[in-house]
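Observations on the three-dimensional arrangement
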Amino acid sequence: MVRLVSVCASLTDDELALLEQLAMPTHFASGDTLFTQGSEAHCVYNVTAGVVRLYKLLSDGRRQVVGFALPGDFLGLAMRDAYGFSADAIGDVAVCAFSRAAYTALVDAKPHLLKRLHEFATHELTLAHEQMMLLGRRTAEEKLICFLLGMQQRWARLGKPSVTVQLPMTRQDIADFLGLTIETVSRTFTRLAKDKTILIVPGGVRVMNPERMHAVAA
């Protein structure tokens, strides 16, 4: 299913075989760092299993989570010399790592792959912009509901449509993504559960009142 939403959907079976020859399957344990902000961008990563936390360290030492990468997502596609953010594993994560040099050579030889890569790079570059929109003049409840619906839609695109939204990240991660305190996030989860908008379950939440959630998010 991951192939459907990944760059690899543009490739023929022979081209996929070539890509697999270039790939270096790598596993990261929970909390391991894939790469750090400002370090030299030697590799491009395709997440194949698990969830990756993407974040920036601000000048005052605070952490700003800028997104969560799911299976199928590529990291490091923006052709820069250094990574623009850091990436840590949330739980066990599997990736295919490609050296930047080998990947660039393949892209040069496959114009249709270049087109898909551009689409993914554009998505990567707009992560922060989308987050700033999310952090606009919305209330804490609106921000959290938008986040939950967004995660539900992303899992659905991976072939996992469900009323239960998997949330492997911590409440602190969500708070740092939404620009809220962990106390506010916890209170908002509790309030949404109390009014039966969601049901808190192990590893995530179950959407109980999608009509209300979509109305709030509109």
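Our structure's up above, just so we're on the same page.
Model, not experiment: these values are computed from the prediction.

Counted under the stated rule, the structure contains nine salt bridges. As a salt-bridge pair, Asp 173 and Arg 53 come within 2.9 Å of each other at their nearest N and O atoms. Placement of Asp 173 in helix α6 (residues 171-178) and of Arg 53 in strand β3 (residues 43-57) is noted, with a sequence separation of 120 residues between them. Per residue, the accessibility class of Asp 173 equals that of Arg 53, and both read buried. Notably, a salt bridge pairs Arg 212 with Asp 195, separated by 3.8 Å at the nearest N-O pair. With Arg 212 in helix α8 (residues 210-217) and Asp 195 in the loop between α7 (182-194) and β8 (198-201), the pair connects residues that are 17 residues apart, well separated along the chain. Overlapping salt bridges bring together Arg 53, Arg 63, Asp 88, Asp 173 and Asp 176 as one network.

All right, on to the sheet that holds strand β9 (residues 204-207) then. In spatial order, the strands read β7-β9-β8; together these three strands make up an open sheet with antiparallel pairing. Looking at strand neighbours, the two that pair on one side only are β7 (164-166) and β8, the edges of this open sheet. Strand-to-strand twist across the sheet, computed as the mean angle between neighbouring axes with direction ignored, equals 30°. In this sheet, β9 lies alongside β7 in antiparallel orientation, the contact comprising three bridges. Across the sheet, Thr 164 pairs through a bridge with Arg 206, a residue of β9.

Bringing the nonpolar core into the picture now. Judged by nonpolar contacts, the single largest core of 33 residues is most densely connected at Phe 147, Leu 148, Leu 167 and Phe 189. Broken down by element, the residue count for this core peaks at nine residues, all from helix α5 (residues 140-157). Each of domain 1 (3-133) and domain 2 (138-217) contributes no fewer than three residues to this core. Excluding residues within four positions of it along the chain, Phe 147 makes contact with Phe 68, Leu 167, Met 169, Ile 174, Phe 177 and Leu 178.

With that settled, the discussion passes to helix α2 (residues 100-109). Along an α-helix, residues three or four positions apart point the same way, because every turn accommodates 3.6 residues. Three or more residues of α2 are buried, namely Arg 100, Tyr 103, Leu 106 and Val 107. Taken around the axis of α2, the buried residues stretch over an arc of 130°, which confines them to a single face. Exposed and facing more than 90 degrees away from the buried side of α2 are Ala 101, Asp 108 and Ala 109.

About the thresholds
- Residues numbered from 1 in each chain as written.
- Predicted model: local features only at pLDDT ≥ 70, side-chain atom pairs only at ≥ 80, totals over all residues.
- Heavy atoms only, no water.
- Salt bridge = Lys/Arg side-chain N within 4 Å of Asp/Glu carboxyl O.
- Helix = DSSP H or I, 4+ residues; strand = E, 2+ residues; numbered from the N terminus.
- Buried < 20%, exposed > 50% of the residue type's maximum accessible area, 1.4 Å probe, protein only.
- Pairing = 2+ DSSP bridges.
- Axes fitted to C-alpha atoms, helices over the stretch in contact; angles between N-to-C directions.
- Core = buried A, V, L, I, M, F, W, Y, C linked by side-chain atoms within 4.5 Å.
- Domains from an automatic or database assignment.
- Contact = heavy atoms within 4.5 Å.
- Arc of directions from axis to C-beta.

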